[in-house]
Amino acid sequence: MHPAPSNNQRPAPPRHIAIIMDGNGRWAKARGLPRFAGHQRGADSVREAVQSCRELGVSYLTLYAFSSENWKRPASEVDDLMGLLRVYLRREMDELHRNDIRVRFIGDRSRLAPDIIDLLSRYEITTGKNTSMTLVVALNYGSQNEIVDACRRLAEEVEAGKRRASEIDATLFASYLQTADIPDPDLLIRTSGEQRLSNFLLWQSAYSELVFVNTLWPDFGRKSLEDAIDEFHRRDRRYGATEG
Ligand code: FPP
């Protein structure tokens, strides 16, 4: 990776970009290849997206790598995805750290393989003080579970007399989510032409600009990212207020 250049010609990039990486399977099918080949190329796109975001000055990049619903796929595909993740995590740690990138994980890690759980902790320890960019990887993540879990913990605290129900507001609630100290995404991109959120950052994307692109994830490179950012800059973000 190259050092992040200054980008005087462009407006400031979105602070936080979140991406639903979709279309690996269709990319492979169109080429008569097994789905695994699509996921492999998808992992290359992950690398490029991280590098591009860092170079463009994006502070947070969140990637939906494995949803809590992805366990419903055939066991062989789940194994392939976990295998790729393992290879990717092992291979990229040094370079991510050298590039001063902090890596964090959201999602329920208890169902992941012990060696992957261990890798995640090593990332958090090794990269925890890095400041150039934060890469958030959503793994066995589901937004509804995250919200229900936050509700449950708040309810337990009310039940135990540690909190009053009347003090619960949106700010307090957000502090019980796994993204507590991460700003909400400004721009949420989904590739492959599908137009839904699929249980990804439902609370956090309340005011995000949603950009749906037809490009399949393995084809999503630097130029596609820049186009999505340009689209973001054309939008008029009002957060519910009127113009002006
Ligand atoms: C969607 O393609 C993508 C995923 C299931 C998750 C994304 C996984 C990767 C990019 C692989 C490696 C990840 C990391 C972090 C190294 P799909 O299979 O749903 O495609 P389809 O809708 O065309 O079938």
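See above for the structure.
Conventions and cut-offs
Residues numbered from 1 in each chain as written. Predicted model: local features only at pLDDT ≥ 70, side-chain atom pairs only at ≥ 80, totals over all residues. Heavy atoms only, no water. Phe/Tyr/Trp six-rings, centres within 6.5 Å; stacked < 30°, edge-to-face > 60°. Helix = DSSP H or I, 4+ residues; strand = E, 2+ residues; numbered from the N terminus. Buried < 20%, exposed > 50% of the residue type's maximum accessible area, 1.4 Å probe, protein only. 1 Å grid on protein atoms, 1.4 Å probe; cavity = no way out; pocket = protein on both sides within 12 Å on 5 of 7 lines; lining within 4 Å. Points joined across faces, edges and corners; volume = space filled by probe spheres on them. Core = buried A, V, L, I, M, F, W, Y, C linked by side-chain atoms within 4.5 Å. Contact = heavy atoms within 4.5 Å. Pairing = 2+ DSSP bridges. Near = heavy atom within 4 Å. Polar contact = N/O pair within 3.5 Å; in protein donor to acceptor, adjacent residues only side chain to side chain. Areas by Shrake-Rupley, 256 points an atom, 1.4 Å probe, with all protein chains shown as cover. Expected span 1.5 Å × (residues − 1).

Overview of the packing of aromatic side chains
What the rule picks out here adds up to seven aromatic pairs. Ring geometry for Phe105 versus Tyr123: centroids 5.9 Å apart, planes at 80°, classification edge-to-face. With Phe105 in strand E3 (residues 101–106) and Tyr123 in helix H4 (residues 114–127), this pair connects stretches of sequence that are 18 residues apart. Take Tyr123: its relative accessible area is 0%, and that puts it in the buried class. Seen from their ring centres, Tyr141 and Phe200 are 6.2 Å apart, and the 90° between their planes marks the pair as edge-to-face.

Details of the layout of surface pockets
Once rolled over the atoms, a probe with the size of a water molecule shows which space is left empty. Put simply, the largest pocket is a space of about 850 Å³. In terms of lining residues, the largest pocket is bounded by 38 residues, among which Met21, Tyr64, Ala65, Phe66 and Asn70 are the most central. The greatest single-element share of the lining of the largest pocket, amounting to six residues, is contributed by helix H3 (residues 75–98).

Quick look at the nonpolar core
Core analysis: the largest hydrophobic core is formed by 43 residues, its most contacted members being Ile17, Val50, Leu61, Leu135 and Ile189. The element contributing the most residues to this core is H3, with eight residues. Discounting residues that sit within four places of it in the chain, Leu61 has contacts with His16, Ile17, Ile19, Ala49, Val50, Cys53, Met133, Thr134, Leu135 and Val136. Residues Ala18, Ile106, Val136 and Ile182 belong to the second largest nonpolar core, which totals twelve residues.

Observations concerning unusual backbone geometry
For Asp100, which is not glycine, the phi dihedral falls at a positive 65°. In this fold, Asp100 is placed in the loop between H3 and E3. Although it is not a glycine, Leu201 sits at a positive phi angle of roughly 45°. Structurally, the position occupied by Leu201 is in the loop between strand E5 (187–190) and strand E6 (209–212). For Leu201, a relative accessible area of 2% gives the class buried.

Topic: the pairing of E3
When you tally the buried positions in E3, you get five out of six residues, the bulk of the element. Both E3 and strand E4 (residues 133–141) contribute to a ladder of six bridges, which runs parallel. Bridge pairing links Arg104 to Val136 in E4.

Re the site of the ligand
Near the ligand lie 14 residues; those nearest to it are Met21, Gly25, Arg26, Arg35 and Arg73. Separating an oxygen atom of the ligand from a side-chain N or O atom of Asp22 is a distance of 3.0 Å. Arg73 places a polar side-chain atom, nitrogen or oxygen, 2.8 Å from an oxygen atom of the ligand. When isolated, the ligand has an accessible area of 620 Å², and the protein chains bury 91% of it.

Observations regarding helix H7 (residues 222–234)
Taking 1.5 Å of rise per residue, 13 residues should cover 18 Å, and H7 covers 19 Å from first to last C-alpha, within 8% of that figure. Where H7 is buried, its residues touch strand E1 (16–20), helix H2 (35–56), E5 and E6.

Considering the pairing of E4
Burial analysis of E4 places nine of its nine residues in the buried class, the great majority of the element. When strand E2 (residues 60–67) meets E4, the two strands line up parallel, connected through seven bridges. Bridging from a neighbouring strand, Thr62 pairs with Val136 of E4.

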